Amino acid sequence: MKAICARWPLAFGLALAIAVLAIGSRADAAGQGTAPSPSKLGRGINILGYDGIWEGGRNAPFRLDNLTAIRRAGFSHVRINFFGFKFMNPGNLLDETVLRRLDAVIEEVLARKLIPILDEHDTHVCQRDVSECTEKLKAFWTQIAERYAGKYPALVFEVLNEPGGQMTSASWNALLNECLGIIRRTNPGRTVIAAVLNVDDMPVEELVLPSEDRNLIVTFHYYAPIRFTHQGAPWSETFSRVGPLDWGTPEDERKARADFEKVRIWSEREKRPIYLGEFGVYEAAPAEARTRYLSFVARSAERLGWAWAYWQFDHDFAAFDSARQTWKPDIMRALIPAVR
């Protein structure tokens, strides 16, 4: 998912530095546990994709204590959107300073009793140039898998966000299985998430996974119909002119159910758990239609037994107002309704 940069220059560097210093003393406690099952993932939210934390805290609205707010709101996991490729040198080695920041974030997530998903998020590179993506993605997972081998068993790896573009199902299957082989050499028991090719018809039946590896979760993202969910989005010449559009007719719901049913049938046949890793509606949509859509998608996923993660915590599509440090109540009521 593309997002515009946040405009709140909040300091994050000091808190992160403290967290890095705390890793040594807290690693044993936070690293305990076992690989999470899909049912344990539950409700989640995407974080840190477009945050300046990785560059040292400039233009970084996310604060470590926001993880406490996430846990208290009723979320069970966070999906950390990490653009690893831009922190590689010409030899595809990851920057150690950035990796220590990643260590600190994982530590803090675990300390809040949330499950961290580490999602390699370089969609723009991988959809444009399969060859470049192949080289970098394999290098990324070689280093990440070795770094976390035997560490943080609750940490989940997600191989790649939204494969698609110039990728075909065949090329994606080949790259995915190479990366799974790399991960399994050092992390045989790690829970790993593998994506369906991110195109309109969601070709889940074309996904090829190693039959003997049952510690895999299959993910897809849902933004259909995209003219509704992305109406008014300023980064798109097309969608910036669209709206206001409503959602919630019987036909709208029927289409969403049919899309989910396709994935359900495949998952039951293949005995593979499903994770709805992203869904959301841009802020320009009519408020009632937006919350109606979010509630319908979240409840539909839960009825099917799927874990889900909302896109996203802050920046755009936001569930949280970073300037005021408060949740957006309409969004939260749709995502996590109060228990009566």
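Residues numbered from 1 in each chain as written. Predicted model: local features only at pLDDT ≥ 70, side-chain atom pairs only at ≥ 80, totals over all residues. Heavy atoms only, no water.

## Description of the overall build of the protein chain
Within the protein chain, the secondary structure is distributed over 11 helices and 10 strands. Considering only contacts in the protein chain between residues 6 or more positions apart, those separated by 24 or more positions represent 79%. In the structure as shown, the protein chain presents an accessible area of about 14400 Å², 54% of it carried by carbon and sulfur atoms. (Helix = DSSP H or I, 4+ residues; strand = E, 2+ residues; numbered from the N terminus. Contact = heavy atoms within 4.5 Å. Areas by Shrake-Rupley, 256 points an atom, 1.4 Å probe, with all protein chains shown as cover.)

## Focus: the state of the cysteines
As enumerated under the stated definition, the model contains 1 disulfide in all. Considering cysteine sulfurs only, C133 is the nearest to C179, which forms no disulfide, with 7.7 Å between them. (Disulfide = S-S within 2.5 Å.)

## A look at empty space enclosed by the protein
One pass over the full model with this rule turns up 1 cavity of 30 Å³ or more. In this structure, the largest cavity encloses a volume near 70 Å³. In this structure, the largest cavity is lined by E162, P163, A195, V196, L197, N198, V199, M202, T219, F220 and H221. Take the lining of the largest cavity: its biggest share by element is 3 residues, from strand β6 (residues 216–222). Grouping the constituent residues of the lining of the largest cavity by class yields 7 nonpolar, 3 polar and 1 charged. (1 Å grid on protein atoms, 1.4 Å probe; cavity = no way out; pocket = protein on both sides within 12 Å on 5 of 7 lines; lining within 4 Å. Points joined across faces, edges and corners; volume = space filled by probe spheres on them. Nonpolar A, V, L, I, M, F, W, Y, C, P; charged D, E, K, R; others polar.)

## Remarks on the environment of M332
For M332, the position within the fold is in helix α11 (residues 329–335). Judged by its relative accessible area of 10%, M332 falls in the buried class. Between the alpha carbons of M332 and A73 there is a distance of 8.3 Å; along the sequence they are 259 residues apart. Residues contacting M332, with those up to four places away along its chain left out, are A73, F75, A319, W327 and P337. (Buried < 20%, exposed > 50% of the residue type's maximum accessible area, 1.4 Å probe, protein only.)

## Structural notes on the environment of G248
Within the fold, G248 resides in the loop between α8 (226–229) and α9 (250–270). Considering only alpha carbons, one finds G248 and R292, 44 residues apart in sequence, at a separation of 6.7 Å. If we ignore the near neighbours within four places in the chain, the residues touching G248 are E253 and R292.

## Things to note about the side chain of D259
Within the secondary structure layout, D259 lies in helix α9. Take D259: its relative accessible area is 13%, and that puts it in the buried class. Reaching out from D259, the side chain makes a polar contact with the side chain of K255 at a distance of 2.9 Å. Look past the residues within four positions of D259 in its chain and what remains in contact with it is M202, Y222 and A224. (Polar contact = N/O pair within 3.5 Å; in protein donor to acceptor, adjacent residues only side chain to side chain.)

## Considering the pattern of salt bridges
Applying the stated criterion across every chain yields a total of 26 salt bridges. D65 is the salt-bridge partner of R63, the closest N and O atoms lying 3.1 Å from each other. With a relative accessible area of 39%, D65 lands in the partly exposed category. It is possible to trace a salt-bridge network through shared partners that takes in R79, D119, E158 and E278. (Salt bridge = Lys/Arg side-chain N within 4 Å of Asp/Glu carboxyl O.)

## Observations concerning the sheet that holds strand β3 (residues 115–120)
In space, the 8 strands of this closed barrel follow the order β1-β2-β3-β4-β5-β6-β7-β8, with parallel pairing throughout. For this sheet, the mean inter-axis angle between neighbouring strands, taken without regard to orientation, is 25 degrees. Here strand β1 (residues 43–47) pairs with strand β8 (residues 307–310) via 3 bridges, running parallel. Within the sheet, the bridge partner assigned to G44 lies in β8 and is A309. Here helix α7 (residues 169–186) sits on the sheet and contacts β4 (156–158), β5 (192–195) and β6; the angle it forms with β5, its principal contact strand, is near 175 degrees. Here α9 sits on the sheet and contacts β6 and β7 (274–279); the angle it forms with β6, its principal contact strand, is near 165 degrees. (Pairing = 2+ DSSP bridges. Axes fitted to C-alpha atoms, helices over the stretch in contact; angles between N-to-C directions.)

## Focus on the environment of I115
Tracing the chain through its elements places I115 in strand β3. Here I115 is in contact with P36, K40, L41, S76, H77, V78, V109, A154 and V156, once residues within four sequence places are set aside.

## A closer look at the confidence of the model for the protein chain
When pLDDT is averaged across the protein chain, the result is 90; 88% of the residues are at 70 or more. Note on residues 2–32: pLDDT under 50 across the span, and 61 contacts to partners over four residues away in sequence or across chains. (pLDDT = per-residue confidence, 0-100.)

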